[in-house]
Amino acid sequence: MDNGLHTVVVFDEDDKWFVLAEKVINGNKYSYLIRVNQSEDDFINEYRVVRSYFDGNDEYMDVVRGNELKIILPDLVPEARDLIEHPEKLRELLG
């Protein structure tokens, strides 16, 4: 789902994630995701960072872990810090 400002990424039927922040770092697109419930009206306390890559017009995402996560997270999270610290703002975004 894309409401014009923010996107919900669906990996499979029961696996939905709200894109909290996106940033291109060292030529790669990284996204900070927070899990949402099935009806997309509440958040689940689960987060992940993914790196996107493209094959033609299709976008794929790999979960970032380990040293890469330690390096990327400080640059990616400042964009989302306010929303993480104020979950009521997150709920407002879901509408």
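Residues numbered from 1 in each chain as written. Predicted model: local features only at pLDDT ≥ 70, side-chain atom pairs only at ≥ 80, totals over all residues. Heavy atoms only, no water.

(A) Examining the overall build of the chain more closely. Within the chain one finds three helices and five strands. Secondary structure of the chain in N-to-C order comes out as β-β-β-β-β-α-α-α. The burial tally for the chain puts 33% of its 95 residues in the buried class. For the chain, the proportion of contacts with a sequence separation of at least 24, taken over those separated by at least 6, is 36%. Of the accessible surface of the chain, which amounts to about 6,100 Å², a share of 46% is contributed by carbon and sulfur atoms. (Helix = DSSP H or I, 4+ residues; strand = E, 2+ residues; numbered from the N terminus. Buried < 20%, exposed > 50% of the residue type's maximum accessible area, 1.4 Å probe, protein only. Contact = heavy atoms within 4.5 Å. Areas by Shrake-Rupley, 256 points an atom, 1.4 Å probe, with all protein chains shown as cover.)

(B) Spatial organisation of the pattern of salt bridges. Evaluated as defined, the whole model comprises six salt bridges. Of the charged contacts in the structure, one is a salt bridge between Arg35 and Asp15, with a shortest N-O distance of 3.2 Å. Taken together, the residues Arg35 in strand β3 (residues 28-36) and Asp15 in strand β2 (residues 15-25) connect sequence positions 20 residues apart. With a relative accessible area of 18%, Arg35 lands in the buried category. A salt bridge links Lys29 to Glu22; the shortest N-O distance between them is 3.5 Å. Judged by its relative accessible area of 22%, Lys29 falls in the partly exposed class. What emerges from the salt-bridge pattern is a single network uniting Asp15, Arg35 and Glu46. (Salt bridge = Lys/Arg side-chain N within 4 Å of Asp/Glu carboxyl O.)

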